[in-house]
Amino acid sequence: MPALPAHAPPSGRLLSVAPMMDWTDRHCRYFLRLISRHTLLYTEMVTTAAILHGDRERLLGFHPAEHPLAIQLGGSEPKDLAECAKIAECRGFDEINLNVGCPSPRVRNGRFGACLMAEPELVADCVRAMCEAVSVPVTVKTRIGIDDRDSYEDLVRFVTTVADAGCRTLIVHARKAWLQGLSPKENRQTPPLRYDMVRRLKSDLPRLEIVLNGGIQTLDEAGRHLSWCDGVMIGRAAYHNPYLLADADRRFYGRGDPKPRTREGVIEDFLPYLREELAKGTRLHAITRHILGLYHATPGGRRWRRRISEGSSRREADETLLLEAADSLGVDEYQENLRRPERRVSVPSPV
Ligand SMILES: Cc1cc2nc3c(=O)[nH]c(=O)nc-3n(C[C@H](O)[C@H](O)[C@H](O)COP(=O)(O)O)c2cc1C
């Protein structure tokens, strides 16, 4: 693992989990927090209209254990964004992030998300208003370009305009977005990754904190990128394989137990939360859908996933389902492991 760069600020953003609609809700974040104490977590995008007119407790509620926690806002009206930033700060969020990366048509019709890359002055107005309203950091998550505005010069113009308005941290998804013709999902995989553009940006604008996002699968990869950028944000890989975060505290924050919590330890520590949520009336499936990947790439992974997803929909199911599913990974998996030494991994002991 390469040493951290000399320029690395004492930042909590060395590693973060990306904002993901429908995925990084508060149950998911609580679960991820049990795996890594210090990795920065982001909420799903919340629009200003929803905050101003909707159920704030549902949209903005979180468990105190989730810190450090950033909220991502979607909007393009400076006054509304400033008001929402203030509301979020009062609720205790540690960072306010503006979404300038989402290409979905619904978001585009609301004139926010990635289409705002075409309006750097408007984004600057939004950032200025938010910075004036709050004292926590205001950050922007963006792409490297949209449609035919995809030159390096366009990117620098956008970033410097936004930085001059008071944003010193940009999270850059190293892909452009096509606003016509590609679905949001295709826009996360079809345009090629251009880490070189983000690297050049950091080199030309060294005083800005630049966080790299897009396509990063492992902590080893994250560590390699940290030799030139200030932080790495991981999205899909952290959701599908959450236990990849287990070594993050030791590697990137120099803190935490040298031995990360075992998967079984994570389950055990998740149970009181689960019990409390069920007592409040939360459906089991709404929580357990986020933990299906806990045993990803281990011999018991498929069995765990099947047991949890089938079991969660049963009416009588409760938190003991997790213990039973973990138990079921015991002896058989261990023997399977021994038969296939090339796949040998540490096998969970029953909880
Ligand atoms: C299901 C899903 C929902 C997403 N929702 C958001 C969102 O609300 N706001 C945002 O800025 N990006 C969103 N993204 C994009 C991710 O934050 C990230 O930029 C993208 O997945 C690339 O990172 P990765 O390759 O590590 O996954 C979403 C991605 C996924 C897979």
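If you're wondering where the values come from, they're calculated on a predicted model, not measured in any experiment. (Residues numbered from 1 in each chain as written. Predicted model: local features only at pLDDT ≥ 70, side-chain atom pairs only at ≥ 80, totals over all residues.)

Participant: I'm lost on the overall build of the protein chain in this one. Help?
Facilitator: A count of helices and strands for the protein chain gives 16 helices and eight strands. The burial tally for the protein chain puts 42% of its 351 residues in the buried class. Intrachain contacts of the protein chain at a sequence separation of at least 6 include 71% that bridge at least 24 residues. (Helix = DSSP H or I, 4+ residues; strand = E, 2+ residues; numbered from the N terminus. Buried ≥ 20, exposed ≤ 12 C-beta atoms within 10 Å, placed from the backbone. Contact = placed C-beta atoms within 7 Å.)

Participant: What's the story with the UniProt feature "binding site: FMN" (unreviewed entry) in the protein chain in this structure? I'm lost.
Facilitator: Under the UniProt annotation, "binding site: FMN" (unreviewed entry) lies at Pro19, Met20, Met21, Gln72, Lys141, His173, Asn213, Gly214, Gly215, Gly235 and Arg236. Tracing the backbone through its elements, the reader meets Gln72 in strand β3 (residues 69–74). Residue classification places Gln72 among the buried residues on the basis of 26 C-beta atoms within 10 Å. The residues touching Gln72, leaving out its near neighbours within four places in the chain, are Pro19, Tyr42, Thr43, Met45, Val46, Asn97, Asn99 and Lys141. Mapped onto the secondary structure, Gly215 falls in the loop between β7 (209–213) and α9 (219–225). Of the residues examined, Gly215 has 18 C-beta atoms within 10 Å and is grouped as partly exposed. (UniProt positions renumbered as here; feature names shortened; annotations may be inferred.)

Participant: Is there a simple way to think about the nonpolar core in this case?
Facilitator: The nonpolar side chains of a soluble globular protein tend to be buried with one another. Core analysis: the biggest nonpolar cluster contains 96 residues, and Ala85, Val127, Met130, Val162, Val172, Val232 and Ile234 have the highest contact counts within it. No other element matches helix α6 (residues 120–133), which puts seven residues into this core. In this structure, this core is formed jointly by two domains, domain 1 (15–249) and domain 2 (263–343), each of which donates at least three residues. (Core = buried A, V, L, I, M, F, W, Y, C linked by C-beta atoms within 7 Å. Domains from an automatic or database assignment.)

Participant: I'm lost on the UniProt feature "site: Interacts with tRNA" (unreviewed entry) in the protein chain in this one. Help?
Facilitator: Here, the residues flagged by UniProt with the feature "site: Interacts with tRNA" (unreviewed entry) are Asn99, Lys185, Arg188, Arg302 and Arg305. These annotated residues cover 207 residues of sequence, and their C-alpha atoms sit far apart, with the largest distance between any two at 34.6 Å. Along the chain, Lys185 falls in the loop between β6 (169–177) and α8 (195–204). Judged by the 9 C-beta atoms lying within 10 Å of it, Lys185 is exposed. Mapped onto the fold, Arg305 is located in helix α14 (residues 301–312).

Participant: Explain the site of the ligand here, please?
Facilitator: Residues in close proximity to the ligand total 23 residues, the closest being Ala18, Met20, Met45, Gly235 and Arg236. Of all the elements in the fold, those that place two or more residues in the shell around the ligand are β2 (40–47) and α10 (236–240). Looking at the shell around the ligand, its residues break down into 10 nonpolar, eight polar and five charged. (Near = placed C-beta within 6 Å. Nonpolar A, V, L, I, M, F, W, Y, C, P; charged D, E, K, R; others polar.)

Participant: Before we go on, may I ask you to explain the pairing of strand β8 (residues 231–234) in this structure?
Facilitator: Remember that side chains alternate between the two faces of the sheet whenever the strand is regular. The alternating pattern of β8 places Gly231 and Met233 and Val232 and Ile234 on opposite faces, both of which are buried. Examined bridge by bridge, strand β1 (residues 15–17) and β8 share three bridges and lie parallel to one another. Bridging from a neighbouring strand, Val17 pairs with Ile234 of β8. Two elements, β7 and β8, share three bridges in a ladder whose sense is parallel. Note on β8: the bridge partner recorded for Leu212 is Val232. Once the chain exits β7 it traverses α9 before rejoining the sheet at β8, and the crossover so formed is right-handed. (Pairing = 2+ DSSP bridges. Right-handed = clockwise from strand over helix to strand, strands pointing away.)

Participant: Sorry if this is basic, but what is going on with the environment of Met20 here?
Facilitator: Positionally, Met20 belongs in the loop between β1 and α1 (26–35). Note on Met20: 18 C-beta atoms within 10 Å, which makes it partly exposed. C-alpha separation for the pair Met20 and Thr190, spaced 170 residues apart in sequence, amounts to 18 Å.

Participant: I'm lost on the domain arrangement of the protein chain in this one. Help?
Facilitator: Interfaces are often described in size by the accessible area the parts lose on coming together. You can read the domains of the protein chain as domain 1 (15–249) and domain 2 (263–343). Facing the 11 residues of domain 1 at the interface are 13 residues of domain 2. Of all the secondary structure elements, the ones that give two or more residues to the side of domain 1 that touches domain 2 are α1 and α10. Top element by residues in the side of domain 1 that touches domain 2 is α1. It accounts for six residues. Taken together, the residues of the side of domain 1 that touches domain 2 sort by class into eight nonpolar, three polar and no charged.

Participant: Even after reading the chapter, I still don't get unusual backbone geometry, so can you show me in this structure?
Facilitator: Excluding glycine, residues mostly have negative phi values, and the peptide bonds linking residues are mostly trans. Between His67 and the following residue, Pro68, the backbone shows a cis peptide bond with an omega angle of -5°. By secondary structure assignment, the location of Pro68 is in the loop between α3 (56–60) and β3. Of note, Asp147 is a non-glycine position whose phi angle comes to about 45°, a positive value. You can see Asp147 is positioned in the loop between β5 (138–146) and α7 (152–164).

Participant: Help me understand the pairing of strand β4 (residues 95–100) in this model?
Facilitator: Of all six residues in β4, six are buried; the element is thus mostly enclosed. Residues Glu95, Asn97 and Asn99 line one face of β4 and the alternating positions Ile96, Leu98 and Val100 line the opposite face, and both faces are buried. Across four bridges, the pairing between β3 and β4 is parallel. In the sheet register, Ile71 faces β4, and the bridge partner there is Ile96. In this sheet, β5 lies alongside β4 in parallel orientation, the contact comprising five bridges. For Ile96, the partnering residue across the bridge sits in β5 and is Val138.

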